[in-house]
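Observations on chain architecture
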Amino acid sequence: MKLLSIIGARPQFVKIAPLVRAIDRHNARPGVTKLEHRILHTGQHYDASMSRVFFDELDLPVADFHLGVGSGTHAQQTGAMMIGIERVLEQERPDTTIVYGDTNSTLAGVLAASKLKLRTAHVEAGLRSFDRGMPEEVNRLVADHISDLLLAPTPTAMENLRREGCAERAVSTGDIMYDSVLHYRAQAASTSSVLSRLALEAGGYGVVTLHRAQNTDDPARLKSILRALDDIARDDLPLIFPLHPRTASRLSTLLPNWGGNARLRVVEPLGYLDSLMLLSNARVCLTDSGGLQKEALFVGCPCVTLRSETEWVETLDAQANVLTDGDPARLRAAVAFWKERYPRGGADFTPAAVASFGPGNAAQAILDAIQNISVQESGSPSDAARTSSTGRAELETTGAQ
């Protein structure tokens, strides 16, 4: 059986790692049909700090195909990816093409595979921010409505798919990023030197990430957010700000003379283990990233999200996250709120994480579901998927029209 995974951005490298391990465990068992797993890297994240370091740290195999697409407008990037992906898919003809998350790589992969009438599986299906102004929301909607197998990480995601008439193609698996955090957290604690390198004390700093177009493309909004971060760093606690290449580019063109308070410490992008260690020991996380909201919940770091909505409503239900949009007053108030509730960070959100995201065996549940749909005798994407061996779901797939 041949599987082909399409990835291209930092969060997808984190998501594929547990599945690679699950496939390796399967293939190591005697007497089973071996799985051939190929990896296609679109090159959406091409900076070494956003790509190669993750392959090294997560012990991922070298991608079998690398398109090297790089940056561009959404149309330029997605179109170039589709051309390259189509060429690989025509050559490989995998039994199932696997896409992850909500990036342009996800969109290009599912479109190319579906046009070739190849079976597709979407890992992290069913997320909704209900803001179609976000490119990621459009990518999610398209991927879910044309994929043959929808692998939902949470009960909320399953309910979203049910409301949209997609439940027959959906399987509840748990969240694969939770698998990664559980697997790598101890390794990060034993190998990462990020705290000593940056002279940080656990609970004595905050972490900032900023990269969404809604926050970085409007000079006035970007300047307002940066001013609020300056105030927090000056008056409350030092902030470590790993600068995303996209944000660095916007700063250089929109605010070339910007210089933050000395306690707002801009650093280069970090690898996964350093990021995990930094987040695990921070008092608070301020971010517009979807994945980091979850990771903060998983490691017990209170979160402030610089958006007016989130696709991860479970973090709000767990009382682990506060939405502030880009409003400076709300941002400062949220930091003060978390300081009062958790003066040194170190919350325990584990029960809420397990309740919503599963116990950390999502990769195996995903592999079970993919095998169940892939072993159909006819091989047609419209055939019924058999019950997942995890016992989590008993649903059939109708396939994309």
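Conventions adopted
Residues numbered from 1 in each chain as written. Predicted model: local features only at pLDDT ≥ 70, side-chain atom pairs only at ≥ 80, totals over all residues. Heavy atoms only, no water. Axes fitted to C-alpha atoms, helices over the stretch in contact; angles between N-to-C directions. Helix = DSSP H or I, 4+ residues; strand = E, 2+ residues; numbered from the N terminus. Parallel < 35°, antiparallel > 145°, perpendicular 65-115°, else oblique. Left-handed = near helix turned anticlockwise from the far one by under 90°. Contact = heavy atoms within 4.5 Å. Nonpolar A, V, L, I, M, F, W, Y, C, P; charged D, E, K, R; others polar. Pairing = 2+ DSSP bridges. Core = buried A, V, L, I, M, F, W, Y, C linked by side-chain atoms within 4.5 Å. Buried < 20%, exposed > 50% of the residue type's maximum accessible area, 1.4 Å probe, protein only. Right-handed = clockwise from strand over helix to strand, strands pointing away. Phe/Tyr/Trp six-rings, centres within 6.5 Å; stacked < 30°, edge-to-face > 60°. pLDDT = per-residue confidence, 0-100. Disulfide = S-S within 2.5 Å.

A word on the packing of helix α10 (residues 219-235) against helix α15 (residues 328-341)
Orientation of α10 relative to α15, taken along the N-to-C sense of each, is 30 degrees, at an axis distance of 9 Å. Considering the angle they form, α10 stands roughly parallel to α15. Crossing of α10 against α15: the hand is right-handed. Listed contacts from α15 to Ser224, Ala228, Leu229, Asp231 and Ile232 of α10 are Pro328, Leu331, Arg332 and Val335. Each residue belonging to the contact of α10 with α15 can be placed in one class, and the counts come to 6 nonpolar, 1 polar and 2 charged.

Describing the sheet that holds strand β12 (residues 303-305)
Read from one edge of the open sheet, 6 strands run β10-β9-β8-β11-β12-β13, paired in parallel fashion. If you trace the sheet from one side to the other, it starts and ends with β10 (264-267) and β13 (321-323), each paired once. Strand-to-strand twist of the sheet, defined as the mean angle between neighbouring strand axes without regard to direction, takes the value 20 degrees. Bridge count between strand β8 (residues 206-209) and strand β11 (residues 284-287): 4 bridges; the pairing is parallel. From the neighbouring strand, Val207 faces β11, where its bridge partner is Cys285. The strands touched by α10 within the sheet are β8, β9 (239-242), β10 and β11, with β9 carrying the most contacts at an inclination of about 140 degrees. Packing against the sheet, helix α13 (residues 290-299) makes contact with β8, β11, β12 and β13, and its axis sits at approximately 170 degrees to β11.

Let's talk about the environment of Ala233
Tracing the backbone through its elements, the reader meets Ala233 in helix α10. Residues within four places of Ala233 in sequence aside, it is in contact with Pro238, Leu239, Arg263 and Leu264.

What to know about the nonpolar core
By size, the foremost hydrophobic cluster in this structure holds 77 residues, and its most contacted members are Leu58, Leu151, Tyr272 and Leu278. Tallying contributions element by element places helix α1 (residues 10-28) first for this core, with 8 residues. In this view, Leu278 contacts Val194, Leu195, Leu198, Leu200, Tyr205, Val207, Ile240 and Leu270; residues no more than four positions away in its chain are not counted.

Side note on the pairing of β11
The alternating pattern of β11 places Val284 and Leu286 and Cys285 and Thr287 on opposite faces, both of which are buried. Both β11 and β12 contribute to a ladder of 3 bridges, which runs parallel. If you follow Cys285 over to β12, its bridge partner there is Cys303. Handedness of the crossover joining β11 and β12 through α13: right-handed.

Here we look at the packing of aromatic side chains
Each pair of aromatic rings is reported with the distance of its centres and the angle of its planes. Under the defined criterion, the tally for this structure stands at 9 aromatic pairs. On the basis of an interplanar angle of 45 degrees and a centroid distance of 6.3 Å, the ring pair of Phe13 and Phe54 is categorised as tilted. Residue Phe13 is located in helix α1, and its partner Phe54 is located in helix α2 (residues 52-57); the two are separated by 41 residues in the primary sequence. A relative accessible area of 0% places Phe13 in the buried class.

Re the packing of helix α7 (residues 176-191) against α13
The interhelical angle for the contact between α7 and α13, taken along N-to-C directions, is 50 degrees, at an axis separation of 10 Å. For the element pair α7 / α13, the angle class is oblique. Of the two possible hands of crossing, α7 and α13 adopt the one that is right-handed. Contacts from Met177, Tyr178, Val181 and Arg185 in α7 reach Gly291, Lys294, Glu295, Phe298 and Val299 in α13. Residue composition of the contact of α7 with α13, by class: 5 nonpolar, 1 polar and 3 charged.

Considerations on the confidence of the model for the chain
Put simply, the chain has an average pLDDT of 91, and 91% of its residues get 70 or more. Contacts of residues 377-401 to residues separated by more than four positions or lying in other chains number 63 contacts, the stretch itself having pLDDT below 50.

Notes on the state of the cysteines
Summed over all chains, the structure comprises 0 disulfides. Distance from the sulfur of Cys301, which forms no disulfide, to the nearest cysteine sulfur (Cys285) is 5.4 Å. Cys303 forms no disulfide, and the closest cysteine sulfur to it belongs to Cys285, at a distance of 4.4 Å. Under the relative-accessibility criterion, Cys303 is labelled buried at 1%.

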